[in-house]
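# Tertiary structure, described
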Amino acid sequence: MPQPYGPGNPHPLSTLRTELVWEGKYDEYGNRRTVDVAGSAMPLQRIETIDEPQSRALVQGRLFEPAQAHRDDFRNMLIWGDNKLVMASLLQQFKGKIDLIYIDPPFDVGADFTMDVPIGDARETVAKDQSTLEMVAYRDMWGKGTDSYLHMLHERLSLIRELLSETGSLFVHCDWRVGYLIRSLLDDIFGMTAFRNQLAWIYGGSGRGAKAIASQFPRNHDQLLWYTKGSSWVYKPQFLQRTMTPADAIANGVRQDEEGRWFKTAPRGDYSDQSVAELEKQGRIHRTRTGGIRIKYFLRSENGRVIEDVMVGDAWSDIADAMHLPVDERMDYATQKPEALVERIMEASSNEGDLVADFFCGSGTTGAVAERLGRRWIMCDLGRFAIHTSRKRLIDLQRKLHAEGKPYRSFDVYNLGRYERQWWQKERLKGADAEHRRVVLEFFRAQPLQGSPSPLLHGRKGHALVHVDAIDGIFTRDELTAVVKAAREAGAWEVICLAWEFEMDLRLKCNELEHEVGLKIKLIPIPRE
């Protein structure tokens, strides 16, 4: 007969430690799951090297002095691909070498991420959500709600810790939805003693729109969770200037001494008699009428104004939100963050020449700020639009810095290319070619072809037949020839080929075949986001 639970036979739940647990944290045997680094690492493929001022000078036949124009100690990296695979691939070269990492991961758990994506020649769009192509990339992140989100973040934060230097810092941007969960997750990975600050970025004063009529206080701030890896780290206090007229200064308790210097006072606190004596020699002791001792803190005076340098605390209300960005900073990117926000983080927790990274780079704010401040950078994102936006932003910044006579670094654009698609097919699609083609046809608003006369023809849109290439394939000349032959034999006068990538100069082969067989051919890339 089972012994009843009690002091002599405590229930297992009564001995559990405090811990954040989610489905997937432990395997079927109760062992803690680890990140499969070996199975995730793969070669990075360099697509291009960007040095816009030098390229422009060569085209225009002008002299260009690389040694004067830019720093050649490091070539920055912009990588298109899943950040788990990217970080695993970076470990061999950059383990323990990144000084600062800022990430702004998605934190709207359960959102459907619907967005309008252009199809074909961009004259029509489709509302894309999880039920179509995005389910491939985001199924692991959102498929089981909070559980899968935490598992996704746990893997990436574990890799981030491996990449950080011993004096490195991590800042995670989040909000009320998952901030409390992410902090518990960071405690689990970095340890509670690694926690430095929970910073509040306060944007907007009073509630507007829906916030004004909601039955709760307006939610007007995001959180920045700061964790460090080792026993020492970089921290440089940041200051804001508070400018006052002399009358305003006096009204705010500021005084002038016999020498005309403006000062404020604070209680003596725990200063020893010896310290007070030293401060008195420096003229920093103020004695009250009753003989009390207060410490003087001097302010500056410029152009008839009194200026106080105020140390920035853990609540930042001086940085406007993305709706109020300067015009030249706006990238029309939904989750863009202000450069001023990232600049404060970077100035406080890194030095010039340090290596910084952002593995959810979005519009490229981290790279842009790093470039201006003389830091080296690595950025990656899964979205093609994010990579295109970041690439253009950094090219424009190179051009601007060069025009101003300031140094910059060139950067390489990478992807995980064919290797990544093979990984997705093996690990996520499980080789389900039929399901892949069904999803693509649904996304393209084409009808699946019932009883197809050829295995190369998969759908119909209007009067055109549709071919959907394999997920890990580059659509080649030979494949195009075979598809055109099959479409012509089926009596079609137009064929649409959907593929992830096309062989170089494939359009020339299309022109040749169109002239030869009298069939109209359209090549349309499958959007990655």
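See the structure above.
Overview of the structure. Just so you know, these numbers come straight off a predicted model, no measurement behind them.

### Looking at the overall build of the chain
When its secondary structure is counted, the chain shows 17 helices and 26 strands. For the chain, the proportion of its 529 residues judged to be buried stands at 46%. Restricting the contact set of the chain to residue pairs at least 6 apart, pairs at least 24 apart contribute 72%. In the form shown here, the chain has an accessible surface area of approximately 27900 Å², with 51% of it arising from carbon and sulfur atoms.

### Observations concerning the pattern of salt bridges
If you walk through the whole model with that rule in mind, you get 38 salt bridges. Across the pair aspartate 257 and arginine 261 runs a salt bridge, and its minimum N-O distance is 3.0 Å. Owing to a relative accessible area of 10%, aspartate 257 belongs among the buried residues under this scheme. With a relative accessible area of 32%, arginine 261 lands in the partly exposed category. Where aspartate 396 meets arginine 399, a salt bridge forms, and the shortest distance between an N and an O atom there is 2.9 Å.

### Examining helix 7 (residues 179-190)
What sets the pattern is the α-helix's 3.6 residues per turn: residues three or four places apart point alike. Taking 1.5 Å of rise per residue, the twelve residues of helix 7 would be expected to cover 16 Å, and the 16 Å separating its terminal C-alpha atoms lies within 8% of that figure. For helix 7, every residue scored as buried is listed here: Gly179, Leu181, Ile182, Leu185, Leu186, Ile189 and Phe190. Each buried residue of helix 7 sits inside an arc of 155° when the element is viewed along its axis, so together they form one side. Buried residues belonging to helix 7 abut helix 6 (146-163), strand 6 (164-174) and strand 8 (221-228). Following helix 7 by one or two positions, glycine 191 has its phi on the positive side, about 95°.

### Section: the packing of aromatic side chains
For the structure shown, the criterion picks out ten aromatic pairs. Between tryptophan 226 and tyrosine 235, the ring centres sit 6.0 Å apart and the planes meet at 40°, which makes this aromatic pair tilted. The buried category is assigned to tryptophan 226, whose relative accessible area is 6%. For tyrosine 235, a relative accessible area of 43% gives the class partly exposed. Site record: aromatic cluster; members linked through ring pairs are Phe171, Trp226 and Tyr235.

What counts, and where the lines are drawn
- Residues numbered from 1 in each chain as written.
- Predicted model: local features only at pLDDT ≥ 70, side-chain atom pairs only at ≥ 80, totals over all residues.
- Heavy atoms only, no water.
- Helix = DSSP H or I, 4+ residues; strand = E, 2+ residues; numbered from the N terminus.
- Buried < 20%, exposed > 50% of the residue type's maximum accessible area, 1.4 Å probe, protein only.
- Contact = heavy atoms within 4.5 Å.
- Areas by Shrake-Rupley, 256 points an atom, 1.4 Å probe, with all protein chains shown as cover.
- Salt bridge = Lys/Arg side-chain N within 4 Å of Asp/Glu carboxyl O.
- Expected span 1.5 Å × (residues − 1).
- Arc of directions from axis to C-beta.
- Phe/Tyr/Trp six-rings, centres within 6.5 Å; stacked < 30°, edge-to-face > 60°.

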